[in-house]
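The residues making up each chain are set out below.
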Amino acid sequence: MPDTIVSASILNADLSDLRSTARKAAAGGAEWLHFDVMDGEFVENITFGSSVLRAVRPYTDAFLDVHLMVMHPQRQIDLFADAGAENITFHIESDCDPAEVIGMIHKRGLKAGISVKPKTPASAIMPYLGMVDMALVMTVEPGYGGQGFITDTLPKIRELRRAAPELHIEVDGGINPDTSKLVREAGANVLVAGTFLFRADDMGEAVRRLR
Ligand code: DX5
Ligand code: ZN
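Conventions used here
- Residues numbered from 1 in each chain as written.
- Chains lettered and ligands numbered in written order.
- Predicted model: local features only at pLDDT ≥ 70, side-chain atom pairs only at ≥ 80, totals over all residues.
- Heavy atoms only, no water.
- Helix = DSSP H or I, 4+ residues; strand = E, 2+ residues; numbered from the N terminus.
- Buried < 20%, exposed > 50% of the residue type's maximum accessible area, 1.4 Å probe, protein only.
- Contact = heavy atoms within 4.5 Å.
- Pairing = 2+ DSSP bridges.
- Axes fitted to C-alpha atoms, helices over the stretch in contact; angles between N-to-C directions.
- Near = heavy atom within 4 Å.
- Polar contact = N/O pair within 3.5 Å; in protein donor to acceptor, adjacent residues only side chain to side chain.
- Areas by Shrake-Rupley, 256 points an atom, 1.4 Å probe, with all protein chains shown as cover.
- Nonpolar A, V, L, I, M, F, W, Y, C, P; charged D, E, K, R; others polar.
- Phe/Tyr/Trp six-rings, centres within 6.5 Å; stacked < 30°, edge-to-face > 60°.
- Lys NZ or Arg CZ within 6 Å of the ring centre and 35° of its normal.
- Donors = N, O, S within 2.8 Å, 3.2 Å for Na, K, Ca; no water.

Draft legend 1. Region of interest: the environment of Leu110. By secondary structure assignment, the location of Leu110 is in the loop between helix 4 (98-107) and strand 5 (111-116). Taking the relative accessible area as the measure of exposure, Leu110 reaches 9% and is therefore buried. Leu110 sits 24 residues away from Glu86 along the chain, and the two C-alpha atoms are 5.2 Å apart. Those residues within four positions of Leu110 in sequence are excluded, and the remaining contacts are Ala81, Ala85, Glu86, Ile88, Ile105 and Asp133.

Right under this line is the structure:
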């Protein structure tokens, strides 16, 4: 199982001051910065596109971890690659040919992730595990930060870890020190956290408590 990585989600951070948000995450020791991209179609919420990632890129050395909660991910790959993304994760539930999207991401030299919503079984992405660099198990319904952790997702994490011992398995939603323990024991190693980290007085301490 790969080492634990903390990916700070900016979704619930101070979006009015992304420069200091990015600096705060890096200072706290989060290795990755997680961008929750929503198009108002795949999920009802709309957040931000590649122009916001481009704006943040110069102010952080963090690994830019893009999570596309969009209906047509194939339309976003080049935009986010040009803007400086380093990983792009798309949803199996979106309207695309997964193998084609994975090929597009790798053609740009980026890492490719594939994601499942809480009600989607692990079997939906099993055929692609050998093609991707990461599997993202949503531990809340996609759309908003600050939701409660869905414990029914734990068996899915275990199933994916058994199938892919060396793959990055990322979890996203409701991650705090208590739920982090559960997901890491189940086999997840990349922890996306937004609310818990950006609400903390001491981000460094918060990151350490997640690990
Ligand atoms: C849901 C988002 C959130 C966000 C982190 O679509 O993907 O899960 O990243 O949420 P919290 O605030 O629960 O850490
Ligand atoms: Zn996310």
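On we go from here.
Draft legend 2. View of the sheet that holds strand 2 (residues 32-38). The strand order around the closed barrel built from 8 strands is 1-2-3-4-5-6-7-8, with neighbouring strands paired in parallel fashion. Put simply, the sheet's adjacent strands are angled 25 degrees from each other on average, direction ignored. Relative to strand 6 (residues 134-138), strand 5 is paired through 4 bridges, and the arrangement is parallel. Looking at strand 6, one finds that Val116 is bridged to Val137.

Draft legend 3. Focus on the site of ligand 1. Near ligand 1 there are 21 residues, and of these Asp36, Asp172, Gly174, Gly194 and Thr195 occur at the shortest range. With respect to ligand 1, the side chain of Asp36 contributes an N or O atom lying 2.5 Å from an oxygen atom. At 2.7 Å from an oxygen atom of ligand 1 is found a side-chain nitrogen or oxygen belonging to Asp172. Considering ligand 1 on its own, with 370 Å² of exposed area, one finds that the protein chains cover 98% of that surface. Counting residues per element, the ones that place at least two in the shell around ligand 1 are strand 2, strand 3 (63-69) and strand 8 (190-193). Per-element accounting of the shell around ligand 1 gives the leading share, 3 residues, to strand 2. Here the residues of the shell around ligand 1 sort into 9 nonpolar, 10 polar and 2 charged.

Draft legend 4. Spatial organisation of the packing of helix 5 (residues 154-163) against helix 6 (residues 177-186). At a minimum axis separation of 8 Å, helix 5 and helix 6 run at an interaxial angle of 35 degrees. Judged by residue contacts, Leu154, Ile157, Arg158 and Arg161 of helix 5 engage Leu182, Val183 and Ala186 from helix 6. Here the residues of the contact of helix 5 with helix 6 sort into 5 nonpolar, no polar and 2 charged.

Draft legend 5. The packing of aromatic side chains, seen in detail. Under the counting rule described, the total for this entry stands at 2 aromatic pairs. Arranged with centres 4.5 Å apart and planes meeting at 35 degrees, the rings of Trp32 and Phe63 form a pair that is tilted. Of the two residues, Trp32 sits in strand 2 while Phe63 sits in strand 3, which places them 31 residues apart along the sequence. Of the residues examined, Phe63 reaches a relative accessible area of 18% and is grouped as buried. Note on Phe35 and Phe48: the rings are 6.1 Å apart at their centroids and 85 degrees apart in plane angle, and the pair reads as edge-to-face. Highlighted residues: Phe35 in strand 2 and Phe48 in the loop between strand 2 and helix 2 (50-56), separated in sequence by 13 residues. Take Phe35: its relative accessible area is 1%, and that puts it in the buried class. The aromatic ring of Phe42 is capped on one face by Lys117, whose charged end is 5.2 Å from the ring centroid.

Draft legend 6. Highlighting the coordination of the zinc ion (ligand 2). The zinc ion (ligand 2) binds to the protein through His34 (NE2), Asp36 (OD), His67 (ND1) and Asp172 (OD); the donor distances cover 1.9 to 2.1 Å. Here the donor residues of the zinc ion (ligand 2) are spaced in sequence according to H-x1-D-x30-H-x104-D.

Draft legend 7. Inspection of the side chain of Ser115 at higher detail. Tracing the sequence through the fold places Ser115 in strand 5. A distance of 3.0 Å separates the side chain of Ser115 from the backbone oxygen of Leu136, its partner in a polar contact. Excluding anything up to four places from it in sequence, Ser115 contacts His67, Thr89, Phe90, His91, Ile92, Glu93, Leu136 and Met138.

None of this, on its own, says anything about what the molecule does.
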